[in-house]
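Here is how the chains run, residue by residue.
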Amino acid sequence: MSVLLDVQDLQTRFQVRKGFVYAVNGVSFQLDQGDTLAVVGESGCGKSVTMLSLVRLLPPAASIESGQVLLRGEDLLQLNLRQLRDVRGGEIGMIFQDPMTSLNPFINIGTQMAEPLIYHRGMSKSEALARSAELLEMVGIPDGEARLREYPHQFSGGMRQRVMIAMSMSCEPAVLIADEPTTALDVTIQAQIVELVKELRDRSGVAVIWITHDLSVVAGIADRVIVMYAGYIVEEAPVDALFEDPRHPYTVGLMGALPSLAGETGTRLTTIGGSPPDLVDLPDFCPFHPRCPYAIDRCRKENPMLEPVIDASDGGHRAACWVDIREVELEAGAAAGSV
Amino acid sequence: MTTQEITPTDDFGIAEASRTNLWKDAFARLAANKLAVIGIIPIVLLFFIAIFGPYLTPYDFLAQDFTARLAAPSSEHWLGTDELGRDVFSRILYGARTAVAVGLVSTAISLIVGLIMGSLAGYLGGRVDMLVVWLTDMTRSMPALLLAIVINLTLKVPLEAWMEQMYLATKNGFFRQTMWVDLVLVFGALALIQWPGYARLIRGQILSIRSRNYVLAARALGMPTGRILTRYVIPNAMGPLIVAVSAGLGGAMVLESAFSFLGVGVQLPIPSWGKMISDGLRMWQTHPYLLAGPAVMMAIITVSFAWLGDGLNDALNPRQWGG
Ligand SMILES: Nc1ncnc2c1ncn2[C@@H]1O[C@H](COP(=O)(O)OP(=O)(O)OP(=O)(O)O)[C@@H](O)[C@H]1O
Ligand code: SF4
Ligand SMILES: [Mg+2]
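Residues numbered from 1 in each chain as written. Chains lettered and ligands numbered in written order. Predicted model: local features only at pLDDT ≥ 70, side-chain atom pairs only at ≥ 80, totals over all residues. Heavy atoms only, no water.

Concerning the overall build of chain B
For the record, the criterion: Helical segments are the DSSP runs of H or I of at least four residues, strand segments are the runs of E of at least two, and each set is numbered from the N terminus. We call a residue buried when its accessible area falls under 20% of the maximum for its residue type, exposed when it is over 50%, and partly exposed in between, using a 1.4 Å probe and counting protein chains only. Residue contacts follow a heavy-atom distance rule, with two residues in contact if any of their heavy atoms lie within 4.5 Å. For every accessible area listed, the method is Shrake-Rupley and the probe measures 1.4 Å; residues are considered covered only by the protein chains on display.
Secondary structure summary: chain B contains eleven helices and zero strands in total. Order of helices (α) and strands (β) in chain B, N terminus to C terminus: α-α-α-α-α-α-α-α-α-α-α. Sorting the 323 residues of chain B into buried and exposed places 45% on the buried side. For chain B, restricting intrachain contacts to residue pairs at least 6 apart in sequence, the fraction spanning at least 24 positions comes to 68%. Only carbon and sulfur atoms are counted for the fraction: they give 69% of the accessible area of chain B, which is about 16200 Å².

Take a look at the structure:
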C-alpha cells in the first residue's frame, strides 16, 4: 500500500490571553491508501485540532507552527487558499460530531448537497441534484429525490449525519475525516452510522480517519490506531497489536484496565484518575506522569519520544514511555501486598 | 406565543410533516399569531395614511379657522380643533407622515451604521472589535434624552447659521426652511441613539454564526467565503434583525415624541404626534381631546409594533427550527 497522507511534525498552538495553549505538539503519522486510522484519546487531547490543522480549518486564534501535511507528496500547508479549497471537500472530506447543527437551516437539503458538486465537479444544477438524490439513496435515505426539497429540521439526527456523510463523500475524496461522528447519536443509530461508513469505504476505497473516544468502535473499523494525549501521539499500533499488547499506560487506562499501584489493594480501575493537563507549557517531563501509576523519576524530568516498542509483534508499533510496562505489571502484583 | 409542535418521526426519523419552505413556514406561524395579525392592521393603516394622508384629510393641516378655535369634537371637526382653529383629525392624519418618515429614515440610518460597524467588529475582531464595543458602550451609557438635548443645544444654532449662509450665498429658498434643520437633528439624534443596538446585534450574530457547525462544514466542503457569507451567515442573521427592526421602528416613533417635549422635535408647522401631545398636555384638563387623539394613535402604533415584533420573534426564531 502506498502512503496517501504523510503528516510530519505537526505543531499547532492557540494564542490566548496569558500566552499559548499547545494543542498539537509534533504529531507525525501516515495514512495508507484505503486504510482506516482511528484516533483515540480523552476530550481535549488535540484530536480535532490535529485534523482541522490538516486542511487549515482552524479558528483565528490558532496557528500552525511547524510541520508538513503531504497529500500524495504535496504539502497542504504550503497551498494558497484557492488551492486549499479544492482540497477541502474535493480530496479530503470531513464529518463532524454534531449533525443537528451541521446543516444550514435555511437551505434545503438538495441545494446544500448540490453546492460542492457544482463547485468541485463543475456540474450543472440539475446534474448535481440528480447526483444528490442518488447519494441520498446510497447513504440509506429512501426516496432521495423527494427529500432533496426538504429542510434540515425535517430530518432526525441520524438522518442528518447520513446527509453529512453523503455530502462529504459526494466529490469522491481520497480521505474522509470523521470527527466523533456518532457521539451525539443514540446507540442504535451509532452502529448504523459506523456500518454505513464501513460500507462506503469498502465500496469506494476512501481512506478514513476516525476520531473517537470509544475504543469499542475502534476494534470494528480501524486498521491502525493512534492514541493521543496532551497533544502528543503516545502510542501507535495496528489495531490487533494495540488491543492485545498495549504498551503505554494511558492506552491501558483507556481500555479500562489500569492497575492501581498507589492503591493499597491493587484493585483495577475502570477509569483513569485525574484529568489531562492544561497544555499551557510545553512539558519537559512525561505529560501523563501525574496520573501514571508506573511513573519513575525519569518521567518527571524528560519527555519520552515516540519510539518503536521492544519485542513488537508488528514493526509499526510505537509508544512514548520510559517504562516497559510488561515488566512493571509483574512487579506491581508483587509489590501490592507489601505497600 | 405559539406552542412548539413536535413532529412525529418514523424509524428513520423522517418527519411526517411536509413543510417545505422555512419562510412560508415562518409566515404561517406569524399568521397564526392573533396579536401579531391584529398589530399588522394599524401598521398597514399607518403606512397607508402616511402615503395618502394629504388626500384624505378633510382640512388642510395648516388651515386656521379662527371662528372655531379649541372647538370640541363635532361632525365638522371629528376630533375638534386646536388653539389656532386647525382641524386635529387632519393634523393627526398628516402626523402619520412624520411618524413614518422619522421611523423609517432614522431606522435606516442607524441600521446602515450598525451593519457596517457590527460587521467590521464581528469580522475583523481584535482592536476594531474593541473600539466598536467601546463606542457602543459609551453611547448606550448616556441617557437618550440627555443626548438629544445636547445634540440640539450644540448643533442647532450652527446648523441654522450654516443654512442661512448657504441661503445668502445661493439665494436658494431651500435653505430658508428651518424644517430641514429640525429633521436632520431628529434623524441624527435618533440614529445616534439606535445604532449601537443594531451594531451589537449584528456583531453578536456574526460571531455566533461564524462558529456554527454548518459554517465549519461548508468550509470543510471547500465553499468560498463569499458564498458562505451570502448563503449561510446573512440568511441566518436575518431573523433577529427583522425582529429588531420591527421593534426599532416603533421605538423611534416614541422617541421622536419624547424629543418633542424637549424641543428637539419636528417644530411647527409640520404636524408631529409628539409635538401635538406636548402641546396638548398644556391644556389637557380643559381640552383633553387635543391630547387624546395623538396619544391614542401613538399608543396603538407602539403596541402594534410590539405585538408584530413579538410575533416575528416567535415565527422567525431559528431555535425552533433546529430540532
Ligand atoms: N479556540 C481555542 N482557543 C484555545 N484553546 C483551544 C481552542 N480550541 C481548542 N483548544 C485547546 O486545544 C486542545 C485540543 O482540543 P481538541 O478540540 O483538539 O480536543 P479533542 O481531542 O478533539 O477533544 P474532544 O474529544 O472533546 O473533541 C484543548 O486542550 C483545548 O483547550
Ligand atoms: S513515561 Fe513514565 S509517566 Fe509517562 S507514561 Fe511512561 S511510565 Fe507513565
Ligand atoms: Mg474534538
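Observations regarding the overall build of chain A
Operational definition: Two things to know: the radius of gyration comes from C-alpha atoms, and the globule rule equals 2.2 Å times the number of residues to the power 0.38. Positive charge is attributed to Lys and Arg, negative charge to Asp and Glu, and no charge count is given to His or to the chain ends. Throughout, a charge is located at the NZ atom of Lys, the CZ atom of Arg, the CG atom of Asp or the CD atom of Glu.
Counting its secondary structure elements, chain A contains eleven helices and 14 strands. For a compact globule of 339 residues, the expected C-alpha radius of gyration is about 20 Å, and chain A comes in at 22 Å, within 12% of that figure. Each of the three principal axes of chain A carries a C-alpha extent, and together these read 75 × 40 × 40 Å. Here chain A, with 339 residues, has 55% of them falling under the buried criterion. Sequence separation of 24 or more characterises 64% of the internal contacts of chain A that already satisfy a separation of 6 or more. Accessible area of chain A: about 14200 Å², with a carbon and sulfur share of 50%. Here chain A contributes 28 positively and 45 negatively charged side chains, and the mean placements of these two sets differ by 6 Å.

Observations concerning unusual backbone geometry
Residues and elements named next belong to chain A. Not every positive phi belongs to a glycine, and Leu279 is a case in point at roughly 70 degrees. Summarising the element assignment, Leu279 is placed in the loop between strand S12 (268–269) and strand S13 (307–308). Exposure remark for Leu279: the relative accessible area of 12% places this residue in the buried category.

Remarks on the pairing of strand S1 (residues 3–16) of chain A
Residue and element names in this part refer to chain A. Counted only if it meets this: A pair of strands is labelled paired if DSSP reports no fewer than 2 bridges between them.
As defined by bridge partners, S1 adjoins strand S2 (residues 19–32) across eleven bridges and the pair is classed as antiparallel. Across the sheet, Val3 pairs through a bridge with Asp32, a residue of S2. Connecting S1 to the next strand, S2, in antiparallel fashion are two residues. Both S1 and strand S4 (residues 62–71) contribute to a ladder of eight bridges, which runs antiparallel. Across the sheet, the residue bridging to Leu5 is Leu71, located in S4.

Quick look at the sheet that holds strand S3 (residues 36–40) of chain A
All names here are of chain A. Rules: Comment: axis = line fitted to C-alpha atoms, over the contacting stretch for helices; angle = value between 0 and 180 degrees taken between N-to-C directions.
Pairing within the open sheet is mixed, and its eight strands lie in the order S6-S7-S8-S3-S9-S10-S14-S13. This sheet does not close on itself; its edge strands, each paired only once, are strand S6 (92–95) and S13. Pairing of strand S9 (residues 224–229) with strand S10 (residues 232–238), which is carried by six bridges, proceeds in the antiparallel orientation. Looking at the pairing, Val227 lines up with Glu235 of S10. Most of the contacts of helix H7 (residues 187–204) go to strand S8 (residues 207–212), to which it runs at about 160 degrees, and overall it touches S3, strand S7 (175–179) and S8.

Some thoughts on the pattern of salt bridges
Formally: In what follows, salt bridge is the name for a side-chain nitrogen of Lys or Arg lying within 4 Å of a carboxyl oxygen of Asp or Glu.
Within the structure shown, the criterion is met by 20 salt bridges over all chains. Between A:Arg298 and A:Glu302 there is a salt bridge, and its shortest N-O distance comes to 3.2 Å. When its relative accessible area of 39% is taken as the criterion, A:Arg298 is described as partly exposed. When its relative accessible area of 38% is taken as the criterion, A:Glu302 is described as partly exposed. Note that B:Asp137 is salt-bridged to B:Arg200, the shortest N-O span being 3.0 Å. Of this pair, B:Asp137 sits in helix H4 (residues 126–141) while B:Arg200 sits in helix H6 (residues 179–210), and the two are 63 residues apart along the sequence. The class of B:Asp137 is partly exposed, set by a relative accessible area of 38%. Taken together, the shared-partner salt bridges in this structure form one network comprising A:Glu115, B:Arg227 and B:Arg231.

So, the side chain of A:Arg88
As for its placement among the helices and strands, A:Arg88 is situated in the loop between helix H2 (81–87) and S6. It is A:Asp86 that comes nearest to the buried, bridge-free A:Arg88 among opposite-charge side chains, at 10 Å. The contacts of A:Arg88, once residues within four sequence positions are left out, are A:Val55, A:Arg56, A:Leu57, A:Leu81, A:His120, B:Arg219, B:Ala220, B:Leu221 and B:Gly222.

Brief notes about the confidence of the model for chain B
In regions of low pLDDT, the predicted coordinates are not meant to be interpreted in detail. Residues and elements named next belong to chain B. The criterion, for reference: For every residue, the pLDDT score states the predictor's confidence, bounded by 0 at the bottom and 100 at the top.
When the pLDDT values of chain B are averaged, the result is 79; 88% of them are 70 or greater. Per-element confidence in chain B is highest for helix H7 (residues 213–220), whose mean pLDDT is 92, and lowest for helix H11 (residues 319–322), whose mean pLDDT is 48. In the model, residues 1–19 has pLDDT below 50 throughout and makes 33 contacts with residues more than four positions away in sequence or in other chains. Quick note on the complex model: pTM equals 0.76, ipTM equals 0.87.

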